[in-house]
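What follows is the residue order along each chain.
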Amino acid sequence: MNSKQSTKTAYAGRRYAGHISAAGKPEAGTERLRALLAAEEFFIATATEMAAQTTSAVEAATLALVVERTHRHTAYTQILAAQAAQRTLAHELPLVTMEQLCEIVAAPAVFLASDAALPPDPLTPPTGRMPHKDTTDFLHHLLGTGYFEVRDRVNAANALLPHVDTNGIKQPARYPLLSADAQAGTVDPKHVIQAAKQLDKAAPAIKSQPESEHLSNTMETQILESLRTQGPQAAHKLITAWQRSLEDRAGSEPSDEEIGFKTGFFLTRKTEHFSYFSLCMLNVEAEIFLAHFANADNPRTEAGNRQALCSDAAAGPQHPTPRETSENIDPDEAPRLPAWAADPQTPFELLPRATYMDLGRAAGKLSPMDTEPKVSTTEPQSRPNPAFSWGGKSLSVFKDEKMS
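Here the residue numbers are simple positions, counted from 1 along each chain's written sequence. A pLDDT threshold of at least 70 governs which residues receive local features in this predicted model, and a stricter bar of 80 or more applies before side-chain atom pairs are shown or counted, although totals over entire chains, interfaces and linings include all residues. With hydrogens and water set aside, each side-chain value is computed from the structure's full complement of heavy atoms.

Colleague: When you look at the side chain of aspartate 188 in this model, what are you seeing that I'm missing?
Modeller: Labels follow the DSSP assignment, with helices taken as runs of H or I lasting at least four residues and strands as runs of E lasting at least two, numbered in each case from the N terminus. Mapping aspartate 188 onto the fold places it in the loop between helix 8 (176-184) and helix 9 (189-207). For the exposure calls, accessible area comes from a 1.4 Å probe over protein chains only, and a residue counts as buried if that area is under 20% of its type's maximum, exposed if over 50%, partly exposed in between. By the counting scheme adopted, Arg and Lys are positive, Glu and Asp are negative, and His together with the chain ends is not counted. Any carboxyl oxygen of Asp or Glu that lies within 4 Å of a side-chain nitrogen of Lys or Arg is treated as forming a salt bridge with it. Buried charged residue aspartate 188 carries no salt bridge. Nearest counter-charge: arginine 72, at 4.9 Å. Any pair of nitrogen or oxygen atoms within 3.5 Å is treated as a polar contact; in protein, a donor-acceptor pairing is required on top of that, and neighbouring residues in sequence qualify only through side-chain atoms on both sides. Separated by 3.0 Å, the side chain of aspartate 188 and the backbone nitrogen of lysine 190 make a polar contact. Apart from residues no more than four positions distant in its own chain, aspartate 188 is found in contact with His71 and Arg72. Throughout, a contact is declared for two residues whenever any of their heavy atoms are within 4.5 Å.

Colleague: Help me understand the pairing of strand 4 (residues 275-280) in this model?
Modeller: The two faces of the sheet receive side chains in turn, since in a regular strand these alternate between them. Inspection of the sheet shows strand 3 (residues 264-270) paired to strand 4 by six bridges, in the antiparallel sense. Its bridge partner being in strand 4, leucine 267 is matched across the sheet by phenylalanine 277. Whether two strands pair depends on DSSP finding at least two bridges between them. Count of turn residues in the strand 3/strand 4 antiparallel hairpin: four residues.

Colleague: Would you explain the nonpolar core in this entry?
Modeller: Across soluble globular proteins, you tend to see nonpolar side chains buried next to one another. Buried residues of nine kinds, namely Ala, Val, Leu, Ile, Met, Phe, Trp, Tyr and Cys, make up a nonpolar core once their side-chain atoms join them within 4.5 Å. In this structure, Ile79, Leu160, Tyr175, Leu178, Val192, Ile223 and Leu227 are the most contacted members of the largest nonpolar core, which totals 26 residues. Ranked by residues supplied to this core, first place goes to helix 9 with eight residues. Beyond its immediate chain neighbours, meaning those up to four positions away, leucine 227 contacts Leu178, Val187, His191, Val192, Ala195, Pro232 and Ala235. With eight residues, the next largest nonpolar core counts Ala82, Met98, Phe138 and Leu139 among its residues.

Colleague: It is not clear to me how a nonpolar patch on the surface should be interpreted in this structure. Could you clarify?
Modeller: Distance thresholds for patches are 9 Å for like charges and 5 Å for nonpolar side chains (Val, Leu, Ile, Met, Phe, Trp, Tyr), applied to residues having over 30% relative accessible area and no salt bridge. Note on areas: these come from Shrake-Rupley sampling with a 1.4 Å probe, and a residue is covered only by the protein chains present in the view. A cluster of nonpolar side chains, contributed by Phe43, Ile44, Val66 and Val67, occupies part of the molecular surface with about 290 Å² of accessible area. Examined against the element boundaries, phenylalanine 43 turns out to sit in helix 2 (residues 30-53).

Colleague: Would you mind showing me how to read the confidence of the model for the protein here?
Modeller: For residues with low pLDDT, the predicted coordinates do not support detailed interpretation. The pLDDT averaged across the protein works out to 76; a share of 71% of its residues lies at or above 70. Scored between 0 and 100, pLDDT is the confidence that the predictor attaches to each residue. Per-residue pLDDT, averaged within each element of the protein, yields its smallest value for helix 1 (residues 3-15) (41) and its largest for helix 3 (residues 57-87) (94). This stretch, residues 1-26, has a pLDDT under 50; its non-local contacts, to residues over four places away or in other chains, come to 22 contacts. Confidence drops under a pLDDT of 50 for residues 358-404, and excluding neighbours within four residues, the segment shows 89 contacts in the predicted structure.

Colleague: So what exactly am I meant to see when it comes to the pattern of salt bridges here?
Modeller: Two side chains carrying opposite charge are able to pair once their charged atoms lie near each other. Per the stated rule, a full pass over the model turns up eight salt bridges. With its nearest N and O atoms 3.0 Å apart, the salt bridge here joins arginine 174 to aspartate 200. Taken together, the positions of arginine 174 in the loop between strand 2 (170-171) and helix 8 and aspartate 200 in helix 9 put the pair 26 residues apart, joining distant regions of the chain. Given the relative accessible area of 39%, arginine 174 is considered partly exposed. Arginine 228 is paired through a salt bridge with glutamate 225; the nearest N and O atoms lie 4.0 Å apart. Linking arginine 228 with glutamate 225, this pair stays in helix 10 (residues 212-229), spanning three residues, or about one helical turn. The class for arginine 228 is partly exposed, based on a relative accessible area of 44%. Relative accessible area serves as the criterion here: at 42%, glutamate 225 is assigned to the partly exposed category. Several salt bridges converge on common partners, so that one network encompasses Arg151, Asp152 and Lys197.

Colleague: Looking at this structure, I do not really get helix 8. What am I missing?
Modeller: Owing to its 3.6 residues per turn, the α-helix aligns residues three or four sequence positions apart on the same side. Buried residues of helix 8: Leu178, Ser179, Asp181 and Ala182, and no others. Projected onto a plane normal to the axis of helix 8, the buried residues spread over an arc of 170° and lie on a single side. Buried residues along helix 8 sit against helix 3, helix 7 (147-160), helix 9 and helix 10. Looking at the residues trailing helix 8, positive phi occurs at glycine 185, about 85°. Arc definition: directions from the helix axis to the C-beta atoms.

Colleague: Looking at this model, I keep getting lost on unusual backbone geometry. Mind explaining?
Modeller: Backbone geometry follows two general trends: most residues other than glycine have a negative phi, and most peptide bonds adopt the trans configuration. Phi is positive for leucine 89, close to 55°, though the residue is something other than glycine. On the basis of relative accessibility, which here comes to 41%, the residue leucine 89 falls in the partly exposed class.

Now the structure itself:
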């Protein structure tokens, strides 16, 4: 495209506003999208030509500013497009219509040069299984964009734009200050989306404060200032510090909303051979959870004897003997207690004897199928310290260790 053609296209693009209908309103639909495609082609062609031919540093710097500003405006428009797709139930479109739209956008020259119309909307609600379950799934497949990126756009539409909730009630934007700067291009909308996402996570802790509305407005103002002057990383650290401070100072019990928002068992990552989970629960529930592991690895019972469990499982079902059902063992024949069950300074010959069946087995001297106890004449080796892993740290059942 030469300079004369670029100028002509620019002039036509600036003046075009769609055909005017009899009611005095621009016709919606095909002509507007045709003008939008023409404007996109003109912008890309002009920016590419200028970047390749300019020899002026001033022009190059100005071009970078214009392209970056356009990029930010386009990123904000992506949120608007996601909201429009959600409002119109675009995920219910049939696959045939989606294929036709992709062909038009991929090669717009034919569409721009003709008077062809867009495919019509379905006249009746779809029946049967939908091709996509929701707006996020629809945009993920239509645009070829990452699922989580599209999900953040859809969620940001409810956080940064006025919207209608599931009950049909109009709701204002939750973070109007962040939305205004994202729309103006002052900050990158992608950074605003992440900040709004973090604020939503901190919302339950904020609502539990006495002056929650004032606190929310103050946090939004300072986060916006941090995005403008220090960047997204500083804003992320600021929100995280506030959230931890509010959670640590919480005097009252957490609300049902906060419990439902935070607690759960989440799959955070999955690779070829490993799955990573994140678990959150109340402290009262955590005591029961930890007690389960403590009981499973208790050295005073057979629960922690992994080798014995494997041997028993490989041997199959076993039938008890009369010796196994007796309550006690003859004190003179019973094995002595292991070293970990008595005072370490006690000589082996003075160690008490395990006269109960379960203690005799725990000492490793009497198996369930033995009819006579086996008394050792040498001091047994200390049993390995069983432990279980929690949060990347190995917790021993012999030591009074706490999770950090």
